[in-house]
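# Summary of the model geometry
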Amino acid sequence: MTQFLSYAIPGLPYGCVFALMAVGLVLTYQTSGVFNLAYGAQAYASALIFYVCVNAGWPSWAGFLAAVVVAAPLLGLAMDRFLYRFIRSAPVLVKLVSALGMLIAIPSALQLIFGSQERLAPPSLWLPPDSVYFHVAGDAINGTELSTVIVTLAVVLLASLMSHFTQIGLRMRAMAESPRMVQLAGINSERVGVAIWVLSSFLAGLAGVLLAPLFAELQALNFTDLLVAAIAAAALGSLTSLPLAFWGGIGLGVVQELLGGYLPSGSVLSSGLRPALPFAVLIVLLLALPGLRERWFHDDPLSACDPPPPPMAAAIGGHGLEELLRGGGWAVLAVFFVSCLTWVPGNWTFTLTQGLAYSIIFLSIVLLTGMSGQISLCQAAFAGIGAFTCAQLVSHFGISVFVGIVAGGAVAAVVGVVVAMPALRLGGLALALATLAFGLLADNVGFQFPWSGNGDSGVNIPRPQLGSLNFTSGKAFFVLAFVLLIACAAVVLAIRQGTTGRELAAMRGSELAAASIGTNLAKLKITVFAVAAALAGVGGALYGSLQGTVSPNDFNSFLSLVFMVVVVTTGVYTVQGAIQAGMAYVILYQVLDYLPSEWRNLFPILFGLGAVTYALHPEGVVEWQKRRVVEIVVGWRKHPEAVG
Amino acid sequence: MALVEGTGISKRYGGIVALDDVSVAIDRGEAVGLVGPNGAGKTTLFDCLNGVRHLDAGEICFEGRRIDRLAVYERARLGIGRTFQRLELFGGMSPREHLMVAERVHRADGRLWKDLIGRGRARAPVARVEDLLVELGLDEVADDPIESLSHGHGRLVELGRALVQDPLLLLLDEPSSGLDTREAVGFAAVLLEVRARRQTAMLLVEHDLDFVQRVVERTYVLDFGKMIASGRVDEVLADPVVRRAYLGEVT
């Protein structure tokens, strides 16, 4: 018993932070219908501002005021006023992508402002971390742990009193049903919405400041993991119950530490499973809780009153423009191919070949999200599966790298089918969260074994050889990657133009109607998941072969999110969009490399903000601009008098 | 033998009984109405017939075959078409594409390998689709994005999407809602013409009783999940029980 307690008690502070976040998440999801994926970034923002203030010599109460009482609500309000307010009744995909954009842009924006140096030993909020207050079951309880628990309990008590015994609390709960109905009842729903965002952002800020000193270093990535733990806790409360979310958070924190105590130390299980616990819990909950599944279909009863979303530029553009763009795309591709083989310097050829591999991975997002309306946040994991399968087969069985690349795609497809199984029953948000959890599991556990990704040391994939054809040189490999990309693009185009593509478009438009005309949605989803996973796997294996050595870090779970916002920005509906994404990804990275290191933060900021415009430009803000420019140029040619 | 026969259908949502021992039967080519106040269970009955929801009790036979355990798409392939109270259109697709995809699915032409070798691609316009577009008066707007069409056109596209599959039974969920009087009259005329040409059986949920009378011969009346009357429209509407439940009494 003593041993049990000594393992369990250190989990309480973590549990408290999870619980605060979970409560805040449920609060905004219930009342605004937006599942705020950027919540982790909000927590990070407050933790960072607190750190900066305290290190500038401010007393910690002043830092707390600045970071949690002022900055956190301001950030939350800004997000609500400038973004979430406009998309409350938008489709789930739009909400998720927008929130994802913020999740990726905010930490980078902060690092651009405050600098991205290492931040060690984050300060404690209230009681000093070095002094031990008392011992429980042999555990020394220090100031950080004690203050975390006390502050959490006080805040949660206050919040629950408010929601049940005040007018504003009642209105907040009414908002959960329908903001518009609340408005029709003569209540200023905007004001209630503001109150909710202030409260929830305050909780995020508080959680961030409390969590920071529990780690040795202040890192944005810890807060993404915190977010998933909070999501799992929120899911324990079916995303509706605040008390269950709260106790779920506490429970997760404790069980996590218990696992750490009882599992053999030093094994992959203890180093991997412990941090992966929230994700595993989330997956199980999504599959097991029927209430949770129905919850995803919840939408505003008045949402039909909204005007339909604007048609995409592709729909208005007309056939002439479509053909011009397609022809122009092929022409640009041809020029690009010839250039890379002739005058482009070797290091840039390498970069652009990387871009080709990424383009193949991004094709999977075009197929899955653009063409089918499904959201997957684990495409980097599929790429990793492809790469590691290829590496292991080549090194153990000595098979040709070509066969390895194909096998990588095939294994990824099989895993894709397994991941798609929950997708049959779940949709939208649940699928996004399940794939996010799968990606994190793969990253933290699956890829750490010597027989898979081999942890930080990674695995080797040689360049392929085919008889006398040798693809070891940069240019030869470029040709190979180019041909492979064209082949994969042809597959996606064939699917799009065929019956399957039309059925996918129908499913994207309305699953209900698609089923009622005889479309087997389950089969369709499995097929599309498998093909998408295969594409990502092939792209990943190709990338691995290009690099020579790849480790799980090349396919980490955060990259899946970045991939998503990149493709959504450059164009998620077209094959051209995927190639634009691949090229933009590597070229921008390379260009930023020439600039001071701080500037590298521009990358996530640009694409994050690009994703935020998804509600306005579902075809991708870059694609939209491209069409506009082409239209202006063509229009000028057609009607020269209109210009002069 | 009736085309579709539902017997003893019950459906509960938690503690609420949406359908309580409801039986319906529709013959081939027959048009039948389904009226009742909001919340009477009309849409739930539709959902049970086409498989969106599963029954708690009872059974449904279609052409003499039990279908109540089949999925939505399987029932659609047997010949049950449907439109929706709240339009369910495929965003980003034109009316022609709506009909095309339904026609393809109907021919069960959706094999992935066919797409990959380029056999799944539409090369020539499909006569059946083109004819139907003209018949429904959608030929003028056939290539416009669906988002730019009026609500009335949207209803017609839903109807066309169902009809292109040559359904034996068509479930129409409040087709006149959102239409103005002129559009509603036009839609009723289209339905009559469809019946005259194709002998499609129809089950029509509708609040607009003029509309109902124009299209169907007999009607069912649902109230609080119970079937309270059935018979010829004018007779049913004169029934005092129905008047009390649905129309309200003038005292």
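Criteria and thresholds
- Residues numbered from 1 in each chain as written.
- Chains lettered and ligands numbered in written order.
- Predicted model: local features only at pLDDT ≥ 70, side-chain atom pairs only at ≥ 80, totals over all residues.
- Helix = DSSP H or I, 4+ residues; strand = E, 2+ residues; numbered from the N terminus.
- Rg over C-alpha atoms; globule rule 2.2 N^0.38 Å.
- Buried ≥ 20, exposed ≤ 12 C-beta atoms within 10 Å, placed from the backbone.
- Contact = placed C-beta atoms within 7 Å.
- Pairing = 2+ DSSP bridges.
- Axes fitted to C-alpha atoms, helices over the stretch in contact; angles between N-to-C directions.
- Arc of directions from axis to C-beta.
- Core = buried A, V, L, I, M, F, W, Y, C linked by C-beta atoms within 7 Å.
- Domains from an automatic or database assignment.
- Nonpolar A, V, L, I, M, F, W, Y, C, P; charged D, E, K, R; others polar.
- Expected span 1.5 Å × (residues − 1).
- pLDDT = per-residue confidence, 0-100.

To continue, consider the overall build of chain B. Scanning chain B for helices and strands turns up 10 helices and 10 strands. Relative to a compact globule of 251 residues, whose C-alpha radius of gyration would be 18 Å, chain B shows 19 Å and is just as compact. Considering only C-alpha atoms, chain B reaches an extent of 65 × 40 × 35 Å along its principal axes. Taking all 251 residues of chain B together, 48% fall into the buried category. Looking at chain B alone, contacts between residues at least 24 apart form 68% of all its contacts between residues at least 6 apart.

A count of helices and strands for chain A gives 27 helices and 6 strands. Computed over its C-alpha atoms, the radius of gyration of chain A comes to 25 Å, within 12% of the 26 Å expected for a compact globule of 644 residues. On the principal axes, the C-alpha backbone points of chain A span a range of 75 × 60 × 50 Å. Evaluated residue by residue, chain A yields a buried proportion of 53% over its 644 residues. If you take every contact in chain A between residues at least 6 apart in sequence, the share linking residues at least 24 apart comes to 79%.

Before going further, it helps to examine the sheet that holds strand β4 (residues 57-62) of chain B. All names here are of chain B. Within the open sheet, the 4 strands sit side by side as β2-β1-β4-β5. Their pairing is antiparallel. In this open sheet, the two strands that pair with only one neighbour each are β2 (16-26) and β5 (65-66). Here 2 bridges tie β4 to β5, and the two strands are oriented antiparallel to one another. Residue cysteine 61 lies in a different strand from β5, and its bridge partner there is arginine 66. Contacts between helix α1 (residues 42-50) and the sheet are confined to β1 (4-13), β2 and β4, with β2 contributing the most and set at about 60° to the helix.

Right, let's talk about the environment of alanine 99 of chain A for a bit. Residues and elements named next belong to chain A. Mapping alanine 99 onto the fold places it in helix α5 (residues 92-114). In this structure the C-alpha to C-alpha distance between alanine 99 and serine 265, which are 166 residues apart in sequence, comes to 37 Å. Each residue touching alanine 99, except ones within four places of it in the same chain, is listed here: Val34, Phe35, Asn36, Leu37 and Ala38.

Residue and element names in this part refer to chain B. Across 7 bridges, the pairing between β1 and β2 is antiparallel. For tyrosine 13, the partnering residue across the bridge sits in β2 and is isoleucine 16. Counting the residues in the hairpin turn of β1 and β2 gives 2 residues, including glycine 14, whose phi is positive at 60°.

All names here are of chain B. Considered for burial, the residues of helix α5 (residues 127-135) that qualify are Val129, Leu132 and Leu133. Here the buried residues of α5 occupy an arc of 105° about the axis, which is enough to place them on one side. In α5, the exposed positions that point more than 90 degrees away from the buried face belong to Ala127, Asp131 and Val134. Turning to α5, the residues buried within the fold contact α3 (95-106) and α6 (151-163). One or two positions beyond α5, positive phi appears at glycine 137, with a value near 75°.

The next point concerns the nonpolar core. Counting residues in each nonpolar core, the largest one holds 285 residues, and the members touching the most others are Met21, Ala22 and Leu282 of chain A. With residues near it in sequence (within four places) discarded, methionine 21 of chain A still touches Tyr39, Ala43, Ala204, Ala207, Leu226 and Ala230 of chain A.

Our focus in this paragraph is the domain arrangement of chain A. Residues and elements named next belong to chain A. Here the domain parsing of chain A yields domain 1 (2-297) and domain 2 (319-633). Taken together, the contacts link 40 residues of domain 1 with 38 residues of domain 2. When contributions to the side of domain 1 that touches domain 2 are tallied by element, the ones reaching two or more residues are α5, α10 (220-236) and α12 (268-288). Across the side of domain 1 that touches domain 2, the residue classes break down as 31 nonpolar, 8 polar and 1 charged.

At the interface, 36 residues of chain B touch 28 residues of chain A. Elements supplying a minimum of two residues to the side of chain B that touches chain A: α2 (72-78), α3 and α4 (112-116) of chain B. Here the side of chain B that touches chain A gets 7 residues from one element, more than from any other, and that element is α3 of chain B. Class assignment for the residues of the side of chain B that touches chain A results in 15 nonpolar, 9 polar and 12 charged.

On to the environment of histidine 396 of chain A. Checked against the element boundaries, histidine 396 of chain A lands in helix α16 (residues 379-397). Since 9 C-beta atoms lie within 10 Å of it, histidine 396 of chain A is described here as exposed.

Consider a sheet: its strands pair through backbone hydrogen bonds, and that pairing is either parallel or antiparallel. All names here are of chain B. Strand order in the open sheet formed by 6 strands is β6-β7-β8-β3-β9-β10, with mixed pairing between adjacent strands. One side of each edge strand has no neighbouring strand; the edge strands of this open sheet are β6 (80-82) and β10 (226-232). For this sheet, the mean angle separating the axes of adjacent strands, direction not counted, is 20°. As paired strands, β6 and strand β7 (residues 169-173) are joined by 3 bridges and run parallel to one another. Pairing of glycine 81 across the sheet is with leucine 170, part of β7. Packing against the sheet, α1 makes contact with β3 (31-35), β6, β7, β8 (201-205) and β9 (218-223), and its axis sits at approximately 150° to β7.

A few words on α10 of chain A. Residue and element names in this part refer to chain A. Taking 1.5 Å as the rise per residue, α10 with 17 residues should run 24 Å; its terminal C-alpha atoms sit 25 Å apart, in good agreement. Counting buried positions along α10 yields 14 of 17 residues, so the element is predominantly enclosed. The positive-phi residue at the C-terminal boundary of α10 is serine 238, with phi of around 50°.

To continue, consider the confidence of the model for chain A. Residue and element names in this part refer to chain A. When pLDDT is averaged along chain A, the result is 84, and 91% of the positions lie at 70 or above. Of all helices and strands in chain A, the one with the weakest mean pLDDT is helix α27 (residues 640-643) (41), whereas α16 scores best (95). Low pLDDT (under 50) marks residues 313-317, which in the prediction has 11 contacts with non-local residues, meaning those over four places away or in another chain. Low pLDDT (under 50) marks residues 638-644, which in the prediction has 1 contact with non-local residues, meaning those over four places away or in another chain.

The next thing to look at is the confidence of the model for chain B. Averaged over chain B, the pLDDT score is 86; the fraction of residues at 70 or greater is 94%. With a pTM of 0.88, the predicted complex shows an ipTM of 0.91.

Residues and elements named next belong to chain A. Considering the arrangement of structural elements, one finds serine 560 in helix α23 (residues 557-570). Considered as a pair, serine 560 and threonine 435 are 125 residues apart in the sequence and their alpha carbons are 9.8 Å apart. Among all residues touching serine 560, those that are not within four sequence positions of it are Leu377, Cys378, Gln379, Ala380, Ala381 and Gly439.

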